[in-house]
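Observations on the model geometry
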Amino acid sequence: LGLCVSRASASVLNVNCCLVLLPMCRVLLAFLRGSQKVASRKTRRLLDKSKTFHVTCGVTICIFSVLHVAAHLVNALNFSENYNEDFLALNAANYRGEVSQLYLMSVLVPGLTGVIMVLVLFLMCTASTYAIRVSNYDIFWYTHNLFFVFYMLLMLHVSGGVLKYQTNLEEHPPGCFNPNKTLQENTTVPKAFEETFPDYTTEPFPEDLSVPEPFVQNNFMRICSEEPKFQSHFPETWFWISGPLCLYCVERLYRYIRSNKPVTITSVISHPSNVLEVRMMKADFKARPGQYVILHCPRVSTLESHPFTLTMCPTDTKATFGVHLKVVGDWTERFRDLLLLHSNQDTEILPIFQQRRYPK
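Source: prediction; values computed, not measured. Each chain has its residues counted from 1, following the order in which its sequence is written. Reporting of local features is limited, given that this is a predicted model, to residues whose pLDDT is at least 70; pairs of side-chain atoms are given and counted only at 80 or more, and all residues count toward the totals for whole chains, interfaces and linings. As a convention, hydrogens and water are excluded, and side-chain values are obtained from all of the structure's heavy atoms.

As for the pattern of salt bridges
- The salt bridge criterion pairs a side-chain nitrogen of Lys or Arg with a carboxyl oxygen of Asp or Glu, the two atoms within 4 Å. On inspection of all chains with the given rule, the structure shows 5 salt bridges.
- D138 is the partner of R334 in a salt bridge, and the nearest nitrogen-oxygen pair spans 3.2 Å. A residue pair is termed long-range when its members are at least 10 positions apart, and R334 in helix α13 (residues 330–339) and D138 in helix α8 (residues 137–144) qualify at 196 residues.
- Here R334 falls in the partly exposed class, since its relative accessible area comes to 31%. Numbering goes from the N terminus for both helices and strands, where a helix is a DSSP run of H or I of at least four residues and a strand is a run of E of at least two. Partly exposed residues are those whose accessible area sits between 20% and 50% of the maximum for their type, while under 20% is buried and over 50% is exposed, using a 1.4 Å probe and protein chains only.

Below, the structure written as structure tokens:
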């Protein structure tokens, strides 16, 4: 049961780790939503629910990770108690009744990577809560970027080869009779049997011989021609996650290259209720009403960026565009303090217009 649950939960994790990255490909989603191929309004609404889909996949990963870890704890105990001296290649433990299950879980490659992945996943889940995201968005953002470490460990996790399958089923079918080993240990080999089957091949079983019942099936005896050989399962995780991971990395690179062109801030207007209006200019920038832009300010945060809806678009006579942002978190507070160095937010009643040489 432990093997069944661990394998099944691993399959669910592979699928969800594949899907969880797709909603974060914002350029791809924007292209699909604006293309003529997606003409259905319902389909566009589904694309707008990309964040909900991302959260759903993340919760599913957490739930099935718990099941996967619990199943492997049972597996570690079973590997230790069911040590088999007949098939040494299948044993994960070093000897029967090995007490150090921690050895199985930490020293081996799957166990070590699994423990680290659980810790990374725990940090990502706890930092994704609403309270932490509102109070300190930096914690959420930087811990969420540990997903790259999680994916690298995930591909290494399946390289240990603990679970194996038999490669020579024709030469050694399950439950077959090995005259060189099995009968020598458990029964006495009849002399007539040795004379009848010198090459140990599958032949009709003589009726006058007295051979143990387990080795007789439908008046035929299944004879092993060689010892069983085992090989580790080929890892399939890379097949699921390599495509979405490469797609996401290409998009991040594309967004980085596209953001290299500097944005010139022309003016900043501080409105009541901690609302900041920022007007900007950028070469070769095209926008339409209803779109949003991703603001990234390296002097505020090296990796952190946030989306804001365009409230003023460029026109034929006016090249500036602008956004209104509410100062509610640490990033917006530092961004406001960077732009309005000498403003007193407590005494403002009317909007304050400030125009100077702003940092790019």
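Details of the environment of R255
- Inspection of the secondary structure assignment puts R255 in helix α12 (residues 237–258).
- Residue classification places R255 among the buried residues on the basis of a relative accessible area of 18%.
- Considered as a pair, R255 and I294 are 39 residues apart in the sequence and their alpha carbons are 9.8 Å apart.
- Residues in contact with R255, not counting those within four places in the same chain, are M24, R26 and V27. In this description, contact between two residues means that some pair of their heavy atoms is separated by no more than 4.5 Å.

A look at the packing of aromatic side chains
- Under the pairing criterion, centres of Phe, Tyr and Trp rings, with the six-membered ring standing for Trp, must be within 6.5 Å; the plane angle then separates stacked pairs below 30 degrees from edge-to-face pairs above 60, leaving the rest tilted. Inspection of the entire model under this criterion finds 9 aromatic pairs.
- Between the aromatic rings of F285 and F321, the centroid separation amounts to 4.3 Å while the plane-to-plane angle is 25 degrees, which identifies the pairing as stacked. Of this pair, F285 sits in the loop between β6 (275–281) and β7 (292–295) while F321 sits in strand β9 (residues 321–326), placing them 36 residues apart in sequence.
- For F285, a relative accessible area of 25% gives the class partly exposed.
- Among the residues examined, F321 registers a relative accessible area of 4% and is labelled buried.
- In this structure an aromatic cluster arises from ring pairing among F147, F150, Y151 and Y248.

Side note on the pairing of β6
- Strand pairing is assigned whenever DSSP detects at least two bridges linking the two strands. Two strands pair when backbone bridges link them, and strand β5 (residues 264–271) and β6 are joined in this way by 7 bridges, in the antiparallel orientation. Bridging across to β6, I265 finds its partner in M280.
- Counted between consecutive antiparallel strands, the loop separating β5 from β6 contains 3 residues, among which S273 sits at a positive phi close to 65 degrees.

Some thoughts on the environment of V74
- Mapped onto the elements of the fold, V74 is located in helix α4 (residues 50–81).
- For V74, a relative accessible area of 41% corresponds to the partly exposed category.
- Between the alpha carbons of V74 and L3 there is a distance of 8.6 Å; along the sequence they are 71 residues apart.

Re the UniProt feature "transmembrane region" (unreviewed entry) in the chain
- UniProt tags residues 12–32, 53–74, 102–127 and 139–158 as "transmembrane region" (unreviewed entry).
- Segment residues 53–74 splits into 100% helix and 0% strand. End C-alpha atoms: 32 Å apart.
- Annotated as 85% helix and 0% strand, the span residues 139–158 places its first and last C-alpha atoms 30 Å apart. UniProt positions are given in the numbering used here, feature names are shortened, and annotations may be inferred rather than shown by experiment.

Comments concerning α4
- What a helix is expected to span follows from its residue count: subtract one and scale by 1.5 Å. For α4, with 32 residues, the first-to-last C-alpha span of 46 Å sits near the 46 Å given by 1.5 Å per residue.
- Among all positions in α4, only S50, H54, C57, I61, S65, H68, A71, N75, A76 and S80 are buried.

What about the nonpolar core?
- The definition of a nonpolar core used throughout is a set of buried Ala, Val, Leu, Ile, Met, Phe, Trp, Tyr and Cys residues joined through side-chain atoms within 4.5 Å. Counting residues in each nonpolar core, the largest one holds 21 residues, and the members touching the most others are V278, L295, V323, L325 and F335.
- Sorting the residues of this core by element identifies β5, β6, β7, β8 (306–312), β9 and α13 as the ones contributing at least two each.
- It is α13 that provides the largest number of residues to this core, a total of 4 residues.
- What V278 contacts, discounting residues up to four positions off in sequence, is I265, S267, F321, G322, V323, L325, F335 and L339.

Comments concerning the packing of helix α6 (residues 109–127) against helix α9 (residues 147–157)
- Structural elements are reduced to axes, namely lines fitted to C-alpha atoms, with helices fitted over the stretch in contact, and the angle between N-to-C directions of any two is expressed from 0 to 180 degrees. Where α6 meets α9, the closest approach of the two axes is 9 Å, and the angle between their N-to-C directions is 155 degrees. Relative to α9, the element α6 is oriented roughly antiparallel. In this structure, α6 meets α9 at a crossing whose hand is left-handed. Across the interface between the two elements, V109, P110, T113, G114, I116, M117, V120, L121 and M124 from α6 touch F147, F150, L153, L154, L156 and H157 from α9.
- In the contact of α6 with α9, the residues fall into 12 nonpolar, 3 polar and no charged. These descriptions rest on fixed angle ranges, namely under 35 degrees for roughly parallel, over 145 for roughly antiparallel, 65 to 115 for roughly perpendicular, and the rest for oblique. For any helix crossing, the convention is left-handed if the near helix is rotated counterclockwise from the far helix by under a right angle, and right-handed if that rotation is clockwise. Under the grouping applied here, Gly and all other residues not named as nonpolar or charged are polar, the nonpolar ones being Ala, Val, Leu, Ile, Met, Phe, Trp, Tyr, Cys and Pro and the charged ones Asp, Glu, Lys and Arg.

Side note on unusual backbone geometry
- Phi is positive for S273, which is not a glycine, with a value near 65 degrees.
- With respect to the element layout, S273 can be found in the loop between β5 and β6.
- You can call S273 exposed: its relative accessible area is 55%.
- Of note, the phi angle at D284 is positive, near 60 degrees, even though the residue is not glycine.
- Assignment of secondary structure puts D284 in the loop between β6 and β7.
- A relative accessible area of 69% means that D284 is categorised as exposed.

Notes on the packing of α9 against α12
- One can describe the packing of α9 onto α12 by two numbers: an axis separation of 10 Å at closest approach and a directional angle of 155 degrees. In terms of orientation, α9 lies roughly antiparallel with respect to α12. Between α9 and α12 lies a crossing of left-handed hand. Residue-level contacts link F147, F148, Y151, M152, L154 and M155 of α9 to T237, W238, I241, L245, Y248 and C249 of α12.
- Looking at side-chain class alone, the contact of α9 with α12 contains 11 nonpolar, 1 polar and no charged residues.

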